[in-house]
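Coordinates in review
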Amino acid sequence: MSQRNLVSWTAMVTGFSQNLHYFEAISTFCEMRIAGENPTQFAFSSVIKACASVGLVEFGEQIHCLALKFGFGSDIFVVSNLVDMYSKCGVMVNAYNVFQEMECKDEVLWTALIDGYAKNGPFEDALSAYKNMVKEGIGIDKFVLCSTLSACAALKALNFGTCLHSVMVKKGFELEISVGNALTDMYSKVGDMESASNVFGIDSDCRNIVACSSLIDGYVELDRMEDALSVYVRLRRQGIEPNEFTFSSLIKACSSQATLEQGTQLHAEVIKFNFDGNPFVSSVLVDMYGKCGLLDDSIQVFDEIENATEFAWNSMLSVFAQHGLGKDAIQLFNRMKNEGVEPNAITFVSLLRGCSHSGLVEEGLSFFKAMEKTYGVVPREEHYSCVIDLLGRAGQLKEAEDFINKMPFEPNAFGWCSFLGACKIHGDKERGKLAAEKLMQLEPENSGAPVLLSNIYAKEQQWEDVRTLRKMMQDFNVKKLPGYSWVDVGNKTHIFGVEDWSHPQMKAIYDKLDALSGQIKAAGYVPCTDSIPLDVDVSVKEKILQHHSERLAIAFALISIPSGKPIIVKKNLRVCSDCHSAIKYISKVIGRKIIVRDNSRFHHFSNGLCSCGDFW
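Per chain, the residues get numbers from 1 upward, laid out in the order the sequence is written. Predicted model: local features are reported for residues with pLDDT of at least 70 only, side-chain atom pairs are reported and counted for 80 or more only, and whole-chain, interface and lining totals are derived from all residues. The basis for every side-chain value is the complete set of heavy atoms in the structure, and neither hydrogens nor water enter the calculation.

A few points about the sheet that holds strand E5 (residues 602–606)
Note the threshold: The pairing criterion for strands is at least two bridges between them, as found by DSSP. Strands are runs of DSSP state E lasting at least 2 residues, helices are runs of H or I lasting at least 4, and numbering of each runs from the N terminus.
Read across the open sheet, the six strands follow the order E2-E1-E3-E4-E5-E6; overall the sheet is mixed. The sheet is open, and its two borders are formed by strand E2 (492–497) and strand E6 (609–610), each paired with just one other strand.

Regarding the nonpolar core
Here is a general trend for soluble globular proteins: nonpolar side chains tend to be buried in one another's company. Inclusion rule: The set of buried Ala, Val, Leu, Ile, Met, Phe, Trp, Tyr and Cys residues whose side-chain atoms join them within 4.5 Å is what this entry labels a nonpolar core. Whether a residue is buried, partly exposed or exposed follows from its accessible area with a 1.4 Å probe, protein chains only, as a fraction of its type maximum: under 20%, in between, or over 50%, in that order. The criterion used for residue contact is that any of the two residues' heavy atoms lie within 4.5 Å.
By size, the foremost hydrophobic cluster in this structure holds 160 residues, and its most contacted members are Val-83, Phe-247, Ile-251 and Phe-419. Ignoring any residue separated from it by four or fewer positions in sequence, one finds Val-83 in contact with Ala-95, Val-98, Phe-99, Leu-109, Ala-112 and Leu-113. In this structure, Val-487, Ile-509, Ile-532 and Ile-561 belong to the second largest nonpolar core, which totals 34 residues.

A word on helix H26 (residues 429–442)
Filter applied, for reference: The length a helix should cover is 1.5 Å for every residue beyond the first. It is the directions from the helix axis to the C-beta atoms that the arc portrays.
The terminal C-alpha atoms of H26 lie 20 Å apart, and with 14 residues this matches the ideal 20 Å at 1.5 Å per residue to within 8%. Buried within H26 are the following residues: Gly-432, Ala-435, Ala-436 and Leu-439. For H26, the buried positions fall inside an angular range of 105 degrees around the axis, keeping them on one side. The outward face of H26, more than 90 degrees from its buried face, is lined by the exposed residues Glu-430 and Gln-441.

Here we look at the environment of Val-167
Along the chain, the position of Val-167 falls in helix H10 (residues 158–171). Val-167 sits in the partly exposed class, given a relative accessible area of 25%. Excluding residues that lie within four positions of it along the chain, Val-167 makes contacts with Tyr-130 and Leu-145.

Some thoughts on the pairing of E2
The pairing of strand E1 (residues 484–489) with E2 spans six bridges and is antiparallel. Looking at E2, one finds that Val-487 is bridged to His-494. Where E1 hands over to E2, the hairpin turn is made up of two residues, of which Gly-490 adopts a positive phi near 65 degrees.

With respect to the side chain of Thr-28
As for its placement among the helices and strands, Thr-28 is situated in helix H2 (residues 22–34). Accessibility expressed as a relative area gives 9% for Thr-28, which makes it buried. Those residues in contact with Thr-28 that sit more than four places away from it in its chain are Trp-9, Met-12, Val-13 and Phe-16.

Examining the pattern of salt bridges
Our working rule: Each reported salt bridge corresponds to a side-chain nitrogen of Lys or Arg within 4 Å of a carboxyl oxygen of Asp or Glu.
Evaluation of the coordinates by the stated rule reveals 21 salt bridges. Ionic pairing is found between Asp-227 and Arg-224, a salt bridge with its closest N-O pair at 2.8 Å. Judged by relative accessible area, Asp-227 falls into the partly exposed class, the value being 28%. When the shortest N-O distance is used, the salt bridge between Glu-550 and Lys-571 registers 3.1 Å.

Focus on the environment of Leu-573
By the element assignment, Leu-573 lies in the loop between strand E3 (567–571) and helix H32 (577–590). Residue Leu-573 is classed as partly exposed on the basis of its relative accessible area of 24%. Measuring from C-alpha to C-alpha, the distance between Leu-573 and Ser-485 comes to 8.6 Å, with 88 residues separating the pair along the chain. Those residues in contact with Leu-573 that sit more than four places away from it in its chain are Leu-481, Pro-482, Gly-483, Asp-598 and Asn-599.

Below, the structure written as structure tokens:
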């Protein structure tokens, strides 16, 4: 055009913005100003929308100033887009200030503010704004209802969400797909899966992947894995294709429950739907394989990620920490820095845990000191607890006590429990009593403190003190947490307790145990009866040790799992020193690798050795 006027410039800015060419809309607006044209409210609205879509809040602020200069500070279109821009960019203070300056507020303006609070918080402000909108008599549509439901989900405000559900039914919005998705998500996040399932089943059109993923995530959060998988099977039968959120939720559930069979099947589905390149899904797979004990598979998945995000790096670091591979964690951390990925608080928890389980005291302390000074990460309770654990495991109990005394706050339960466990391992009765008292003050119902202190007394053969502690536990109705071990064979989990006779194959299991006992004793195994805190004969103690839950699980695995498959046993308590020694000998005499995950870390037993190097 040889001559361009205000109309043609505005048409181009608006056209670019409406057709998602946001940077072109912004550059055309700038050219329009250079050409000397004064923008209309339509040009301002379009360029502000473009700024919101690409997150250019600083440029948006300049446009805001220009809009005020040209007298559009009270224009409803401009103001609505300004509130929307500040909301999408997370600057809720500015969004609220612009909103307040507008005298006549319509439903678009209210919706922009409520949606901003629902996405950025404070979520309570979204509910307050909705109430005020209703008081003002502003018309309620499905968009504002969905945004407010999102805030209810974040706050787990079931009653408020149920009231909104009633409004939706009253206004006839219930069969809208976006409303069905929002309701399913809200009920799922607050844990009301019956209502979520009812909403999900109202109309087949509402059963899209968004609602399915919300329902699956709700079941996963409640540890209802079978229900989550049944939803997945239903959506596949109905021809609905899963997305990255669906897989992330399901694989996360496999991680928390360490269900390898289901996790590997989901991995195959991930590859089938081409999500194996998705960084978030890959990160969850790294975590899943690590928590299921397959370290090599975890490393392989991580190495195949092209552009690893901080989630992937942290997942791999966490896996190394769980497996007690402190040196590998440090090497990975150095690679992470070289790749330009900034470490965060989660990164340092994994690093410190890895150092703790590998006896890398100097390295761990160095990382702790560098957190805030070098990386700007302020240490939190969990970091201080990791340092207590680091020093305690290494036997530096005085240094751990000095560290506790210099902390800016009292240690949490994990910190005191770590210190007490270290006192038990290294036989420090006085410091153990102090730690036990502190832990019992924080968690009086926790049986861990008196049990560990009882073990310290038993090691010193102070049986009167042991009896006093047990009497106290009876008086206060504190029950000792029973030890369990479990192993997956096929699609079934088999659980064992100490001297458990409930399993249908128990005769074969005990016969296998007796045979193993003879084999490992011939190979040099000597029972360590100090770990049994009972005043009974040594022969009785040996019998109890032989029938510990992890040994029963291993014996069952040996008669049930083919030699080509790994034996992976999980345990809810720390593996005792005698079982640790016995399993080393078992791995040697049978020539198979055995992986044991206790409540602290993984142990990889092979050819008479353990990956922990007898430091755990």
